[in-house]
Structure formats: structure tokens, C-alpha cells
Amino acid sequence: LLSEHIAAHVEHYVGNARRNLRHLSLAGAGADDAMLVTEFRGMLLLNPHFEQVFWVNQDGSIRVSWPHEQDVDFFPLLSEQPRSGRVRPSVSLTTGDIVIHVAHFLDSGDAVVGALSLKGLVESLQGLRPGDEGESIIITDSYGTIISHPDPLKVSNRTNIGAQDILRKTRTQGSQTGLFAIDETNHLGTSIRLGSPPWLLIISRPLVSVAAPIALVVLGLTLMLSLLLILVLSRTRRELEHNIVTPLADFSKSVRGMSSGGFSRSLSMAKPFKELGQLEKAFNKTIDAVGSRARALEASESKYRSLFDNAVEGIFQLSLDGDIREVNPAMARILGYANPRELMQRMGRIAPGLFVQKGALKRLERSLTQTGALLSHEINVFHRDGHVLWLSITARTRHDQGGPAFIEGIAQDVTRRKTSQMEADRIRTLLMDIIGSMPSVIVGVNDDLSIILWNKQAEMETGLERKHALGAQLVKALPVLAPEVGNIQGAVARQKSHHVHRIESAGHSPGQEPR
């Protein structure tokens, strides 16, 4: 009911603006410019929600506007937002309020466009309250930028949460309930897609208020289980020390030695250690951590920043001769400078000095000439203090009206991600070295029992080289396991361990005692 009420309220607010523009177009049809200005002024007096009104010709040029702006004679949004029906809010450079551009198109192809302030709509929405205490109402545009929030700073700062899974699924699948984060604070909420405009309504509350009662119950259970565990451990300490603690300590010692460069040291444990679950879990945890850092970095990127100076990503413009035309504060900070002016003064407006590889700028120009645009192109540049950065740039060639061509792009510092990738590669190499150096036969298989891992001990035991074993069926490579195929398939399907305490080796010669 609340979402239907809000949707009706939003549709009425925007629909009323469209009706006013339609009436204005009828009144201004056939009028000269002076009469149009008079009509526009009267329109703004009767409809204070409009900040500005334009009469835009079919080619996008502005015929008349009120209040008039001397330096604006072209309306670029005519073919982007109003004609497509999308109304993406932006920040008014005049009042600082959130506005959307609403248009009414005439049969002639001209359009009457109004800059509609959302201040009145936001104030009326803040008067609404959910039924459950502690819940809050959030409204975003279709791109995820917050336009209504109990905290006015979230609105004025143009906070964007469009990358959250709950919002992406709402756009494509309808209403969703789940977790999302705003400024590193987790919330539990329900996201609902409104009608027209296609904005999103979120009714949420902080996750901590939801999790606190559950946490108390969990804490009580944890204390009880802890007491029980202490009793059990006091009776089984000697068994654990002999069978688990000492072997794991030996294993950890060997792994630390290998990680510090001692790859020739073999694994020596107090008891044979047959389970690689701990090693697999540690590796997967590391990979998950690296992937989480990369996803967090990508999620923090603001995809739709409308103001140049407040963008999180670095934005730059270079002439084809290599002169730095303009950079934003974020670009300067990435390169280690306090502001764009300091960057240009230190570099002398010449960009080639930034690139680590000689001729990188020329290669960039050639690539843009051939493809028209570059997406996520990674390059090395110098930081102000001299160390090398990894930047991921997305760039294209643009032409000013009547001016020369130049390169425009967005740059992101991906040094940490590249470092994380290299660390993951190092860990993966370490894991393979550990497996390859173990004195036990280790064979990995897929669900269909085709071999994907075959260590050196397996080669020595069977005489079958790794390149021939990979991809082969387990029974063909190790026929002695044929009686255990059913048990192995069941263990893989159930993801449970299956132990065979004694099995005849495949490597003994005829007439010799089997091992």
C-alpha cells in the first residue's frame, strides 16, 4: 500500500508537470519570441516547481528560455532523456536542488522542456513514515542515485547504490528483499520498482537492529556449547594432542618453511596426514579474500557521476600532441598531486612524461584511431614520488565544434587489484609446489571422474606421465581403483570422504609381492 501510494504521488507530480508543459506549448504555438518569454514567465509564477523552461527547436538548438542563460544555445538532453522517456535526476547548477528535464514534443518536432525541481516531491516523501518503527524510506532513480533519504546528505552528495545486487535484480525481476550497503553500513530492506518514472523504492532498516535479537540467542547457545566443549576437551586432550594438534603443527611448520623459500624441504609430520581439507580451505579462503577485494573495488566505482569536479574516477583530456587540456581533482590525486593546477605546473602540460613506456601515448592514439574507443585498457604511469602505478583507462576521441580532436577518458587506479592478482598467482604456484612435492599419490577428478590433477608421485608410482593422465578416466589410469568406482562417485556426489585402508599398488612387477 505504501509503495502504491508513493508511486501514485510521484506519477502525479511528474504527470502534472507534463500537462503544464502541454498547455504551455498550446499557448505558445505561433507566438513570437517575446510572447513566448511572457508565457514562460507566467508559467514559472504559477508553477514554482519549474526552475527553467526552454523552447527547443527540432535540431536541439534553444529558441527561447526563461530564465535566460547567455552561454547556452543548445539542449543536448533533447535526444537523450526526454525523448526516450527516461528522466534521470541531476543537480541544478543554479539552486543546487535535484531536477529532472521533462519535455512535451510538438508535431513540428520542436519541444517544450522544463527543468522540474524535485525539492517539493522529496519534502513530501520525507513526511511519509513506514508502519514499523526503525524503518526508513529511500527512493533512487533508475540508475541507483538516491533522491529521497532521511539523511539529507545522502541526497545532496548524490550517493549512488546502483551496483547493489538487490537494485540490479529489482530492475529486471521486480520486487526484491535482501541486504545492501550505504556508506559501509549494512541494511536489510525490500526494493520495489515504481511505475513512471521507473524509479526504485526501498523500505529498509539497519541490519544491526535485525540481527541483535538473533545475536543474543546465538550468544547464549555459544556459551552453553563452549562449556560443553571445555568438558569434552578436558577428557580428550591427550587424544587430540596425539592425533590432531601435533600433525597440524608439523604441517604448518612445513608450509611456513616453503613459503619462505625452503621448497626443498619435504613435509614431515608426526602421523601420516591423509586429508587435504585444511589446505584446500586455506587456499579457497585466500582466493575469496582476493576476489572480495576486487569486487569491493569495482563496486566502489561510481558509474554515473554528473559533476566533473566531484567524480571519484580520474577524468582527463589530452590533445593529440600530448598537451594536458584538463584533469579533474581525482586524476590529480591518483598521480600524487594536491590539485589539477599543481599537476599541470609540474608536468608543464606535457603528458608523455607521465607514461613509463616510451611511445605509449602514440600507441594509444593509434589504437583509438583504429577502434574509436578503448575499454579498460591498462597502462603504467609515474606517481609524483616516482613509483609506478597501474591505471585502467576507458577513452575515446572527441571533436569540439570547430576545434581540433582530443582524447577524453576515465582512469582508475588498479594497482591494488594487480598486486592482489600477483599474490593469488604466487599462492597458486605455492600450492602446486606443495602438492607436487608430497610423497603421497594425489589425483584430482571432476564429477565425471576425469583426471584434472596428477602429481609427480602418481607418475612415479604408475609410470604414467602427467600429460597423458590429464583428461583420462580414473579407472583407465588407475585400474586398481575399479572396485571402488561406485564408492568414489558417491563420495563426489555427496561431497563426503571415503577411506580405503589398504589397496594393492599398480606399480609392482609380475611375480613380485604386491605393495
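It should be noted that the structure appears before, not after, this text.
Residues numbered from 1 in each chain as written. Predicted model: local features only at pLDDT ≥ 70, side-chain atom pairs only at ≥ 80, totals over all residues. Heavy atoms only, no water.

## Examining the pairing of strand 10 (residues 200-206)
Phase 1: Counting buried residues in strand 10 gives 6 out of 7 residues, a clear majority hidden from the surface.
Phase 2: Pairing geometry for strand 6 (residues 136-140) and strand 10, over 5 bridges, is antiparallel. When the sheet's bridge partners are listed, S136 is paired in strand 10 with S204.
Phase 3: Pairing of strand 9 (residues 185-193) with strand 10 involves 7 bridges; the strand directions are antiparallel. Counterpart to T190 in the pairing with strand 10 is I203. (Buried < 20%, exposed > 50% of the residue type's maximum accessible area, 1.4 Å probe, protein only. Helix = DSSP H or I, 4+ residues; strand = E, 2+ residues; numbered from the N terminus. Pairing = 2+ DSSP bridges.)

## Some thoughts on unusual backbone geometry
For residues that are not glycine, phi is negative in most cases, and the peptide bond is trans in most cases.
Phase 1: The omega torsion of the bond from W66 to P67 falls at -10°, within 30 degrees of zero and hence cis.
Phase 2: In this fold, P67 is placed in the loop between strand 2 (62-66) and strand 3 (90-91).
Phase 3: Not every positive phi belongs to a glycine, and E184 is a case in point at roughly 70°.
Phase 4: Considering the arrangement of structural elements, one finds E184 in the loop between strand 8 (176-182) and strand 9.
Phase 5: Positive phi values are uncommon outside glycine, yet S376 reaches one of about 55°.
Phase 6: With respect to the helices and strands, S376 occurs in strand 13 (residues 373-382).
Phase 7: Accessibility expressed as a relative area gives 51% for S376, which makes it exposed.

## A few points about the environment of P67
Phase 1: Exposure remark for P67: the relative accessible area of 38% places this residue in the partly exposed category.
Phase 2: For the pair P67 and F54, spaced 13 residues apart in sequence, the C-alpha to C-alpha distance is 8.9 Å.
Phase 3: Once residues lying within four places of it in the same chain are set aside, the contact partners of P67 are L44, E51 and Q52. (Contact = heavy atoms within 4.5 Å.)

## Quick word on the sheet that holds strand 10
Phase 1: Taken in spatial order, the 5 strands make up an open sheet running 7-6-10-9-8, and their pairing is antiparallel. The two strands at the open ends of the sheet, each matched to only one other strand, are strand 7 (146-148) and strand 8. Between one strand and the next, the sheet's axes are offset by a mean angle of 40°, whatever the strand orientation.
Phase 2: Those strands touched by helix 5 (residues 165-173) are strand 6, strand 8, strand 9 and strand 10, and its axis lies near 140° from that of strand 8. (Axes fitted to C-alpha atoms, helices over the stretch in contact; angles between N-to-C directions.)

## Section: the nonpolar core
Phase 1: Of all hydrophobic cores here, the largest spans 45 residues; its most connected members are I6, L118, I139, W199 and L201.
Phase 2: Sorting elements by how many residues they give to this core places helix 1 (residues 2-28) first, with 8 residues.
Phase 3: Within the second largest apolar cluster, 27 residues are counted, among which are A332, L335, Y337 and L391. (Core = buried A, V, L, I, M, F, W, Y, C linked by side-chain atoms within 4.5 Å.)

## So, the packing of aromatic side chains
Phase 1: This structure, assessed with the given rule, holds 0 aromatic pairs.
Phase 2: In this structure, R325 is placed above the aromatic ring of F406, and the distance from its NZ or CZ to the ring centre is 3.9 Å.
Phase 3: Positioned over the ring face of W390 is K418, at 4.4 Å from the centre of the ring. (Phe/Tyr/Trp six-rings, centres within 6.5 Å; stacked < 30°, edge-to-face > 60°. Lys NZ or Arg CZ within 6 Å of the ring centre and 35° of its normal.)

By themselves, these observations are geometric and do not establish any function.
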